[in-house]
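So you can see what is in the structure, the chains are spelled out below.
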Amino acid sequence: MSSTVLCSHSSAADLNISKEAVIRSTVNFHRSIWGDRFLTYNEREDQAWEEQQAKELKEEVRKELVLTGSNGQMQHVKMIQLIDAVQRLGVAYHFEEEIEDTLKHIFVTYGDHWMDDCNLESTSVWFRLLRQQGFNVSSGIFKKYMDSKGNFMESVRKDVQGMLSLYEAAYMRVEGEEVLDAALAFTTFQLENIANDHMCKDASLKIQIEKALEQPLRKRLPRLEALRYIPIYQKEASHSEALLKFSILDFNLLQSLHQKELSQISKWWKNLDLQNKLPYVRDRLVEGYFWILAIYFEPQYYDVRIFLMKTCNLVIILDDTYDNYGTYEELEIFTEAVQRWSASCIDTLPEYMKSIYQELLDVHKEAEEVLERKGKAYHSYYTKEMVKEYTRNLLIEAKWAKECYIPTVEEHMSVTMVTCAYGMIIAKCYVYNNDLVTEDTFKWVSTYPPLVKASCLILRLMDDIATHEEEQERNHVASSIECYMKQYGVSEEQTREIFSKQVEDAWKVVNQESLRPTAIPRPLLMPPINLARVCDVLYKHGDDYNHAGKEMINIIESLLANPINVSV
Ligand SMILES: CC(C)=CCC/C(C)=C/CC/C(C)=C/COP(=O)(O)OP(=O)(O)O
């Protein structure tokens, strides 16, 4: 994989560092597995008809989602089930107001006391939905399913659907919620037993349990949950035909929009001609698009996605330049140029870095022009400052790598919290958001508040758990695993366990910070939450960003290539 090469580079003369050969370490990343597959886009023939159908069905679903005058308990139970289905089918973004109104009404009506005679399944779904919506209902309600010794009752063990719902609800836990910690341990153990039980005859239930154990709903991306849930929902006797059909059409229409975007961005990427200009850079455009789609999949975020794709792929170019190809002296010059952020710096740069720098300025200038017209120039001020901070910290990592220095865990985290790039990406998510974003939003994100830190930590730890071995083989900066092992004298195995626990603790912070009142308007919380979620796809079974495995390839094909058959 990795190799250290001697290569003579034209920049050496400009740099005045050495007229002889420059030693570079390079990694031979494999080429994109997707080739030009997403370069061209063809609209499906029946798309206009599908759009019309979807429009009509959407209004039918909307009517079902509005509370009627009768407003009885039974209606509330049904409404909770319907909202759960709407969310899991991936179409909740069409009905945000209706969902907010209904859940608020239920919160105001019942407070912490969801109907006493309700079963575990209904109570768990109520709890999860309200917590997801930011209503801080008490987890104390689950104590009634425990005996005097604090163990879950025998009746719970027999209620498999109830346990499955409780398992999903428990993932909304925050620090100190012992009843939810106990519920999670109990349900996980019981559900694992059922999943491993060869005598269990209900194959469909078994699959649902396996999928839930693999990834709880809290960590699941809405588009991936939609793919999984559509066939399950269809089998439910009480399903709404309008909702089912609408979800399928909407999934396919969005897929078509995403294909169009990916084609547009593939052309931009191809035009950069990196294969010839910067052959050391990874070509992971399609995997990168999956990453961005995880943050925002809704049609209204088209501009943000295009901007994020350009700017995040530049982040990858920078990452490979600092981690891999650039010499320390070159990187110092580049970092200085970024701090000055001016086209006049181009002449000071080594030849191969000029196009990177120019593209960095261009992508931000493009955004700046749009924002200036809207009187929002400060949006780009903050994101540019975060890019500057990012390169300064990449340079520190390059120094550590050059000196083979293993920092303390605290030193490492203070730098890699920035170089994992999530803070900067979150800020960039807000650049084109108009109504809710204020200067305070940028001040919030740039100071790395608990939610942003938690999201960064989840990425850093999961990425390092997945890539530690591969990165060790090359001259990469010490990973958090190495730092931890050295500082605490523990094995790699123990460190991995400790980090997995830290990831779960970070999720508790994500949950806490999502409860009302929130530090910033609730819709703006989605980028850090979804960025945490995507790690659970990309880094759970290895490094699926750099080396997409079979399952990742399947995911990308289902999301971006294969429409769902309308008669599923
Ligand atoms: C569209 C697009 C490309 C999205 C990517 C999002 C992004 C910029 C993520 C941050 C950088 C990162 C962790 C890259 C993974 O490579 P790595 O494992 O080499 O990272 P490391 O050098 O920090 O370990």
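For clarity, every value in this text was computed on a predicted model and none was experimentally measured. (Residues numbered from 1 in each chain as written. Predicted model: local features only at pLDDT ≥ 70, side-chain atom pairs only at ≥ 80, totals over all residues. Heavy atoms only, no water.)

Undergrad: Give me the lowdown on the packing of aromatic side chains, citing residues and values where you can.
TA: The full count for this structure, using the stated rule, is 29 aromatic pairs. Ring geometry for Phe152 and Phe186: centres 5.0 Å apart, planes at 25 degrees, overall stacked. With Phe152 in the loop between helix H5 (120-132) and helix H6 (154-158) and Phe186 in helix H8 (residues 178-196), the pair connects residues that are 34 residues apart, well separated along the chain. In terms of burial, Phe152 and Phe186 fall into one category: buried. When the ring centre of Tyr325 is taken as reference, the NZ or CZ atom of Arg24 above it lies at 4.2 Å. One residue, Arg516, lies across the ring of Phe135, its end atom 4.0 Å from the ring centre. (Phe/Tyr/Trp six-rings, centres within 6.5 Å; stacked < 30°, edge-to-face > 60°. Helix = DSSP H or I, 4+ residues; strand = E, 2+ residues; numbered from the N terminus. Buried < 20%, exposed > 50% of the residue type's maximum accessible area, 1.4 Å probe, protein only. Lys NZ or Arg CZ within 6 Å of the ring centre and 35° of its normal.)

Undergrad: I'd love a proper account of H8, names of residues and values included.
TA: Under the 1.5 Å per step criterion, the end-to-end length of H8 is 27 Å for 19 residues, consistent within 8% with the ideal 27 Å. Listed in full, the buried residues belonging to H8 are Val179, Leu180, Ala183, Leu184, Phe186, Thr187, Gln190, Leu191, Ile194 and Ala195. For H8, the elements touching its buried residues are H5, H6, helix H7 (160-170) and helix H9 (203-214). (Expected span 1.5 Å × (residues − 1). Contact = heavy atoms within 4.5 Å.)

Undergrad: Please set out the site of the ligand residue by residue, giving values where relevant.
TA: Around the ligand sit 20 residues, and of these Arg282, Asp319, Asp323, Cys420 and Asp463 come closest. The contact in question runs from an oxygen atom of the ligand to an N or O atom on the side chain of Asp323, over 2.8 Å. Its free accessible area being 590 Å², the ligand has 98% of it covered by the protein chains. Of all the secondary structure elements, the ones that give two or more residues to the shell around the ligand are helix H13 (285-295), helix H14 (302-325) and helix H21 (450-472). For the shell around the ligand, the element with the highest residue contribution is H14, accounting for seven residues. (Near = heavy atom within 4 Å. Polar contact = N/O pair within 3.5 Å; in protein donor to acceptor, adjacent residues only side chain to side chain. Areas by Shrake-Rupley, 256 points an atom, 1.4 Å probe, with all protein chains shown as cover.)

Undergrad: Tell me about the environment of His541, and please be specific about residues and values.
TA: Structurally, His541 is set in the loop between helix H24 (526-538) and helix H25 (550-560). The exposure class of His541 is exposed, given its relative accessible area of 54%. For the pair His541 and Glu168, spaced 373 residues apart in sequence, the C-alpha separation works out to 21 Å.

Undergrad: Run through the nonpolar core, naming residues and quoting values.
TA: Membership of the largest hydrophobic core comes to 193 residues, with the highest contact counts inside it found for Phe142, Phe290, Tyr422 and Tyr430. No other element matches helix H11 (residues 241-272), which puts 14 residues into this core. Setting aside chain neighbours within four positions, we find Tyr430 in contact with His379, Val437, Thr441, Phe442, Trp444, Val445, Ile520, Leu524, Pro527 and Pro528. (Core = buried A, V, L, I, M, F, W, Y, C linked by side-chain atoms within 4.5 Å.)

Undergrad: Please set out the pattern of salt bridges residue by residue, giving values where relevant.
TA: Across all of its chains, the model carries 34 salt bridges by this definition. The salt bridge involving Arg173 is made with Glu504; its shortest N-O contact spans 3.8 Å. Here Arg173 is found in the loop between H7 and H8, whereas its partner Glu504 is found in helix H23 (residues 492-513), with 331 residues between them in sequence. A salt bridge links Lys219 to Glu504; the nearest nitrogen and oxygen atoms lie 2.7 Å apart. (Salt bridge = Lys/Arg side-chain N within 4 Å of Asp/Glu carboxyl O.)

Undergrad: A description of the packing of H21 against H24 should follow, citing residues and the corresponding values.
TA: The description of two packed helices rests on the angle between their axes and on the distance between the axes. One can describe the packing of H21 onto H24 by two numbers: an axis separation of 9 Å at closest approach and a directional angle of 15 degrees. Taken together, the axis directions place H21 and H24 in an arrangement best described as roughly parallel. Between H21 and H24 lies a crossing whose hand is left-handed. Facing H21, whose interface residues are Leu451, Ser455, Ile458, Leu459 and Met462, H24 presents Pro528, Leu531, Ala532, Cys535 and Asp536. Looking at the contact of H21 with H24, its residues break down into eight nonpolar, one polar and one charged. (Axes fitted to C-alpha atoms, helices over the stretch in contact; angles between N-to-C directions. Parallel < 35°, antiparallel > 145°, perpendicular 65-115°, else oblique. Left-handed = near helix turned anticlockwise from the far one by under 90°. Nonpolar A, V, L, I, M, F, W, Y, C, P; charged D, E, K, R; others polar.)

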